[in-house]
Amino acid sequence: MKTSNVLTLILVLLCINASTEWPTHTVCKENNLEIYYKSCDPQQDFAFSIDRCSDITSHTFNIRAAVILRHSIKQLYAKINLIINGKTVLSYSESLCEPDNAKLIFCGKKKGEHIYYEGPVTLGIKEIPQGEYTVSAVLTNEDHLTVACADFTVKNYLDYYY
């Protein structure tokens, strides 16, 4: 009897450990615009939200994001890729935290600390490209360790009129 309990426990633990994929979260779904995200870090999920899809079409909109740090942030680098049909068509990278130039309020946070940001974000684009595509975003620290990672799926069928 004890052997079967131990085997069951081991099997349950192995099944839990084998699942390294996080659920897909809905950022927004209104009219002709849908945005979803999934953490691509097998060890950590995070929270991200906006008030309304329609806010994204404005130049600046408010977001909420939260994560518990698995790694300290002395330096932080962002790499963002636009992926269409499985191919990267556009890449962008930027240093967000440097020793003498901290662009974000959470630069310098330590492992285990909670980061919560609520406020405005400016995408720097006038409109969201139409179609279905993936935006992959990866934040790494000075040791090239992943701080946060997400794949955003965008389905945009909005008509823009000028």
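Residues numbered from 1 in each chain as written. Predicted model: local features only at pLDDT ≥ 70, side-chain atom pairs only at ≥ 80, totals over all residues. Heavy atoms only, no water.

### A word on the sheet that holds strand E2 (residues 33-39)
Next up, step 1: Spatial ordering of the open sheet is given by E1-E2-E10-E9-E5-E6-E7, a layout of seven strands whose pairing is antiparallel. Here the strands that pair on one side only, and so sit at the sheet edges, are strand E1 (25-30) and strand E7 (101-102).
Next up, step 2: In the sheet, strand E6 (residues 87-98) pairs with E7 via two bridges, with the strands oriented antiparallel. Its bridge partner lying in E7, cysteine 97 is registered against alanine 102. (Pairing = 2+ DSSP bridges. Helix = DSSP H or I, 4+ residues; strand = E, 2+ residues; numbered from the N terminus.)

### Concerning the environment of glutamate 142
Next up, step 1: When you line up the elements, glutamate 142 lands in the loop between strand E9 (131-141) and strand E10 (146-156).
Next up, step 2: Its relative accessible area of 22% is what places glutamate 142 among the partly exposed residues.
Next up, step 3: Sequence separation between glutamate 142 and lysine 74 is 68 residues; the distance between their C-alpha atoms is 6.6 Å.
Next up, step 4: When near neighbours in sequence (up to four residues on either side) are disregarded, glutamate 142 contacts Ser72, Ile73, Lys74, Gln75 and Tyr77.
Next up, step 5: Engagement of the side chain of glutamate 142 in a polar contact is seen with the backbone nitrogen of lysine 74, the distance being 3.1 Å.
Next up, step 6: Looking at glutamate 142, its side chain comes within polar contact range of the main-chain nitrogen of glutamine 75, at 2.9 Å. (Buried < 20%, exposed > 50% of the residue type's maximum accessible area, 1.4 Å probe, protein only. Contact = heavy atoms within 4.5 Å. Polar contact = N/O pair within 3.5 Å; in protein donor to acceptor, adjacent residues only side chain to side chain.)

### Remarks on the pattern of salt bridges
If charged atoms from side chains of opposite charge come close, those side chains can pair.
Next up, step 1: For the structure on display, the rule yields three salt bridges.
Next up, step 2: Lysine 38 is paired through a salt bridge with glutamate 21; the nearest N and O atoms lie 2.8 Å apart. A residue pair is termed long-range when its members are at least 10 positions apart, and lysine 38 in strand E2 and glutamate 21 in the loop between helix H1 (2-18) and E1 qualify at 17 residues.
Next up, step 3: Between arginine 64 and aspartate 51 there is a salt bridge, with its nearest N and O atoms 2.8 Å apart. Taken together, the residues arginine 64 in strand E4 (residues 60-68) and aspartate 51 in the loop between strand E3 (47-50) and helix H2 (53-56) connect sequence positions 13 residues apart.
Next up, step 4: Here arginine 64 falls in the partly exposed class, since its relative accessible area comes to 24%. (Salt bridge = Lys/Arg side-chain N within 4 Å of Asp/Glu carboxyl O.)

### Regarding the side chain of serine 39
Next up, step 1: For serine 39, the location among the structural elements is in strand E2.
Next up, step 2: Of the polar contacts made by the side chain of serine 39, one reaches the backbone oxygen of glutamine 44; its length is 2.6 Å.
Next up, step 3: A polar side-chain atom of serine 39 sits 3.5 Å from the main-chain carbonyl oxygen of cysteine 149.
Next up, step 4: When residues no more than four places from it in sequence are discounted, the contact partners of serine 39 are Trp22, Gln44, Asp45, Phe46, Cys149 and Ala150.

### With respect to the confidence of the model for the chain
Next up, step 1: Looking at the chain as a whole, its pLDDT mean stands at 83, while 86% of the residues score no less than 70.
Next up, step 2: Under a pLDDT of 50 for its full length, residues 5-17 has, in the predicted model, zero contacts with residues more than four places off or in other chains. (pLDDT = per-residue confidence, 0-100.)

### Focus: the pairing of E9
Next up, step 1: Sheet topology places strand E5 (residues 76-84) next to E9; eight bridges connect them, and they run antiparallel. Its bridge partner lying in E9, tyrosine 77 is registered against threonine 140.
Next up, step 2: Counted along the chain from E9 to the antiparallel partner E10, the turn is four residues long, and its residue histidine 144 has a positive phi close to 65°.

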